[in-house]
Amino acid sequence: MSTSSVSKGCFVFKPSAKKKKKTTLSLEDHFIHGCEGAENSELRFKLFHDLWDKIKTDTETLQDELNRNVLDSLLDFTRKCSSTRQHSDWASQMRASEIPTAALVLGVNVPDHDMTFQSLSDLLQQSVTPHVASVQAKECGALKHLMKRVLERLMDTAVTVDDEEEEEAEQTSAQLNKRVHCSLSTLCAWYNAKTKKFNTGTPGKKRSSPVRDDPQPLVIIFKDLEAFNPRVLQDFILICSRYIERLPLMFIFGIATSPSTIQHMLPHSVSSLLCIELFQSLSCTQHLATVIDKLILTPQFPFKLNGKVMQVLISIFLYHDFSVRNFIKGIQLALLEHFHSQPLSVLCCKKKTALLNVTQLGDQDLERIRQLQSFKRYVEKQEPQEQVDLLTDDTHLKEVCQVLIKDLRKYHKNYYPILRCLHTLTSSLPRYPLGKQIRELHLICLEKNIWENEDYQSAMKLLKMLAKDQLIALLQRCGEILQAAKSKKIKTALVQLEDMLAKFKQLDTVAAEPAPSVEDSITSPAKNLQKKTDLFQLQKTLLEMNESRRSKKLSPFEALRIEALAFIDSLVKSHLSPPESQTLNEICYYSSSATVRRHLNATPRTSIQAALNSPYYYLQNDRLKTEDGMVSNAAPDICIVFKLHLECGRLINLYDWLEAYSTVVSAAEGIEPGSDNFGKVDDVKHARFIRAVSELEFLGFIKSTKQKTDHVARLTWGGC
């Protein structure tokens, strides 16, 4: 659009509503064309996509279940407040003069709030009222903006503000006529028309639903209460309180920190207009524990994370954002990287599909299997003739791989039930020697043989001092865990555990008369373990137990207790070996923790320096390839200026800098070094240099200084 004017001025043209479509490569294109082992890239992408869809669906279902209690409580609150307005008693009328407000404390995991509010909004619209508006602080900087957003989302129409600028001439008159004035009186008129239309129905037609006695409330959700301007919020509440008799308004405050935020933001004159009820959601740590328990510690999904990757994801969760949503994104990133970088991930799928894919492996894939560290260790343990067959006979290798994949599946089916049993036993001990959460125990098992851990040995000693009732209760809980497993070995272990529980019950029937026994004298120090004790007292108790066992004979209960714990120890040693000890673990386990950390816990300064120092790393242009410490004369201007500024001290002379830049650029343009034009500064080079220096200043590498007018000060030191 051209503009002619006699005087100079600044003209602003709003962009058209129609946006140009950008031609970008899809994720599948990037995956297929950039992954290692392109011969089966399409199949791997399909397996990745199917597996991620399954994980995503299960995650959303799990999150809905976790939020169900608080969401159901909020729905009951909205229904109760809506029905209260119809009562005629004095208490109800007093409450009806206040705005019902639900203070929903969600915690500091702000990235997870959107999903909770979306579920809440959907449930409200389905079962309570269709009139729900959600607002955020970033779009409500002033009162008029807040009022406009609320009216637009409740009335589903365009709203105009008094001092709003005129719209583009592209809009039709019909669109302009649909706009309504931004005020609560307009909302009252709209709501009365809606209610009247709903109750009377269409003339001449039979009403399909009965008349509603209770009015449908107008629910306004403030997603991030702490981020709102307190003055804007106060004015909005004051205005809404004047219309509470005409509009059944209802507020929901999303709070990330503490309920006292309401008192800090609203004075008593404003907060007294609200009838506030507090709701507390599940803590983010409990949420994470449930997600790990249901999605990671299960043989349902073939994809696994090794200990270092798990530690990175948990550390980012605990020390950065407490976001379960970002934790799941980390799992998605690891899943994508695994299928992208590991050609043998074509076997990371359901057992039947994996066994079928083994028969379709090509020569390159079979050679990759032979190069796996776990497979090399497996070959070294075989007989000489078997080693030759595995390394030369492809058909035999495929048959063996099918057996090894079945063994890997059995390992996972046995691993998780025994892990839960061990956690059940050790989490009841004082000071939690193997961790309070099951994820801590899982990380220990992923790193090394847990039975070689000193904390494990201490835990087994403490278990040998448990009282009979407590030990029987823990073993019964272990039996319930094993009962849910489907593995044959686990079912055999369950039979043995039930036999031991039966023997414990027989001890009660044999002991007809309660009398002081050796057991009582031995286990008397153990009673102190149920109380809070320090490390010195704990060591003293252990020494007393050892002395008692040396000097006195074991009772039937103690002998049976030792037998039961020896049985648990044998299960641990049989099924809780680290995954690295399993053959072909590389096809299921993702181990590149550095890649996950680089993507999720990015360092912008390092990335910027890497891009300026080595532009080939990002641009992948062969002309930019250089030796270490060298700068290509074909590099972008900002890269050349950056490399030259690294050679300077604290103060940089702009003229010397410009001449050095001009020399490098002249070489890139093919000018002979001996000619008069080589290194000559013209207007184009001068402009390019000024732009590059301005970009460096914007990135924070240099700044202007008053010490010398023709110099700039350097702000960073060292290279990338």
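Criteria and cut-off values
- Residues numbered from 1 in each chain as written.
- Predicted model: local features only at pLDDT ≥ 70, side-chain atom pairs only at ≥ 80, totals over all residues.
- Heavy atoms only, no water.
- Helix = DSSP H or I, 4+ residues; strand = E, 2+ residues; numbered from the N terminus.
- Contact = heavy atoms within 4.5 Å.
- Areas by Shrake-Rupley, 256 points an atom, 1.4 Å probe, with all protein chains shown as cover.
- Salt bridge = Lys/Arg side-chain N within 4 Å of Asp/Glu carboxyl O.
- Buried < 20%, exposed > 50% of the residue type's maximum accessible area, 1.4 Å probe, protein only.
- Pairing = 2+ DSSP bridges.
- Axes fitted to C-alpha atoms, helices over the stretch in contact; angles between N-to-C directions.
- Parallel < 35°, antiparallel > 145°, perpendicular 65-115°, else oblique.
- Left-handed = near helix turned anticlockwise from the far one by under 90°.
- Nonpolar A, V, L, I, M, F, W, Y, C, P; charged D, E, K, R; others polar.
- Polar contact = N/O pair within 3.5 Å; in protein donor to acceptor, adjacent residues only side chain to side chain.
- Core = buried A, V, L, I, M, F, W, Y, C linked by side-chain atoms within 4.5 Å.
- Phe/Tyr/Trp six-rings, centres within 6.5 Å; stacked < 30°, edge-to-face > 60°.
- Right-handed = clockwise from strand over helix to strand, strands pointing away.
- pLDDT = per-residue confidence, 0-100.

(A) Examining the overall build of the chain more closely. For the chain, the count of helices and strands is 32 helices and twelve strands. Pairs at least 24 apart in sequence give 72% of the contacts found in the chain among residues at least 6 apart. As presented, the chain carries roughly 40,300 Å² of accessible surface, and 52% of it is formed by carbon and sulfur atoms.

(B) Main features of the pattern of salt bridges. Under the defined criterion, the tally for this structure stands at 15 salt bridges. Linking D365 and R368 is a salt bridge whose minimum nitrogen-to-oxygen distance equals 2.7 Å. In this pair, D365 and R368 both sit in helix 16 (residues 363–371), three residues apart, roughly one turn of the helix. Residue class for R368 comes out partly exposed when judged on its relative accessible area of 21%. A salt bridge links E558 to R561; the nearest nitrogen and oxygen atoms lie 3.2 Å apart. Separated by three residues within a single helix, E558 and R561 lie in helix 26 (residues 556–575), roughly one turn from each other. For the pair E558 and R561, a shared accessibility class is recorded, and that class is buried.

(C) Spatial organisation of the sheet that holds strand 10 (residues 651–653). If you walk across this open sheet you meet the three strands as 10-12-11, and the pairing is antiparallel. What marks the edges here is a single partner per strand, and that holds for strand 10 and strand 11 (702–704). Here the strands of the sheet are splayed against their neighbours by 40° on average, with no regard to which way each runs. Inspection of the sheet shows strand 11 paired to strand 12 (residues 711–714) by three bridges, in the antiparallel sense. Along strand 12, the bridge assignment pairs S704 with V712.

(D) Region of interest: the packing of helix 12 (residues 284–296) against helix 14 (residues 324–341). Helix 14 packs onto helix 12 with a crossing angle of 30° between their chain directions and a minimal axis gap of 10 Å. The angle between helix 12 and helix 14 falls in the class roughly parallel. Like other packed secondary-structure pairs, helix 12 and helix 14 cross with a definite hand, here right-handed. Judged by residue contacts, C284, H287, L288, V291, I292 and I296 of helix 12 engage V324, F327, I328 and I331 from helix 14. A breakdown of the residues in the contact of helix 12 with helix 14 according to their chemical character gives nine nonpolar, one polar and no charged.

(E) Region of the structure containing the side chain of N453. Inspection of the secondary structure puts N453 in the loop between helix 20 (438–447) and helix 21 (454–463). With a relative accessible area of 11%, N453 lands in the buried category. At a separation of 2.7 Å, a polar atom in the side chain of N453 contacts the main-chain amide nitrogen of D455. Setting aside residues no more than four positions away along its own chain, N453 makes contact with I444 and K448.

(F) The sheet that holds strand 2 (residues 132–135), seen in detail. Pairing is parallel across the open sheet formed by five strands, whose spatial order is 2-5-6-1-7. Of all the strands in the sheet, the pair left with one neighbour each is strand 2 and strand 7 (274–280). Across this sheet, the average inter-strand angle for adjacent strands is 20°, counted without regard to direction. Looking at chain direction, strand 1 (residues 99–105) and strand 7 are connected through seven bridges and run parallel. Bridge pairing in strand 7 places I99 opposite L274. Strand contacts of helix 6 (residues 143–155): strand 2 and strand 5 (218–222), with the helix running at about 145° to strand 2, the strand carrying the most contacts.

(G) Main features of the nonpolar core. Grouped together as the largest cluster of nonpolar side chains are 110 residues, with contacts concentrated most on I369, F375, I450, L576 and L584. It is helix 19 (residues 394–426) that contributes the most residues to this core, 14 residues altogether. Not counting residues up to four positions away in its chain, the partners in contact with F375 are I369, R370, L390, L397, L404, T583 and L584. A133, V135, Y191 and F222 belong to the second-largest nonpolar core, a separate cluster that totals 42 residues.

(H) Summary view of the packing of aromatic side chains. Here the structure, examined in full by the defined rule, presents 17 aromatic pairs. Judged by centre distance (6.2 Å) and plane angle (25°), the ring pair of F251 and F253 falls under stacked. Their ring planes at 85° and their centres at 5.6 Å tell us that W657 and F689 sit as a pair that is edge-to-face. Taken as a pair, W657 in helix 31 (residues 654–668) and F689 in helix 32 (residues 683–699) lie far apart in primary sequence, 32 residues in all. For the residue pair W657 and F689, the accessibility class agrees, reading buried in each case. Here the aromatic cluster, defined as three or more aromatic residues joined through ring pairs, consists of F222, F228, F236, F251 and F253.

(I) Fine view of the pairing of strand 5. Within strand 5, five of the five residues are buried, which leaves the element mostly enclosed by the surrounding structure. Every second residue of strand 5 is oriented toward a common face, with L218, I220 and F222 on one face and V219 and I221 on the other, all of them buried. Relative to strand 5, strand 2 is paired through four bridges, and the arrangement is parallel. Across the sheet, residue A133 finds its bridge partner in strand 5, namely I220. Across five bridges, the pairing between strand 5 and strand 6 (residues 249–255) is parallel. Across the sheet, F222 pairs through a bridge with F253, a residue of strand 6. At this point the chain moves from strand 5, through helix 9 (residues 230–241), to the parallel strand 6, and the crossover so formed is right-handed.

(J) Expanded view of the environment of S632. Within the secondary structure, S632 sits in the loop between helix 29 (616–619) and helix 30 (637–645). Classification of S632 by relative accessible area gives buried; the value is 9%. With 18 residues separating them in the primary sequence, S632 and S614 have C-alpha atoms 9.4 Å apart. Apart from the residues lying within four places of it in its own chain, the contact partners of S632 are R623, L624, T626 and I640.

(K) Structural detail: the confidence of the model for the chain. In this model, the chain carries a mean pLDDT of 83, and residues with pLDDT of at least 70 account for 82%. Counting interchain partners and residues more than four positions distant, the pLDDT-below-50 stretch residues 165–177 has seven contacts. This stretch, residues 202–212, has a pLDDT under 50; its non-local contacts, to residues over four places away or in other chains, come to nine contacts.

(L) Local environment of the environment of P302. Within the secondary structure, P302 sits in the loop between helix 12 and strand 8 (304–305). Considered as a pair, P302 and Y589 are 287 residues apart in the sequence and their alpha carbons are 8.8 Å apart. Those residues in contact with P302 that sit more than four places away from it in its chain are L51, C348, C349, K350, R409 and C588.

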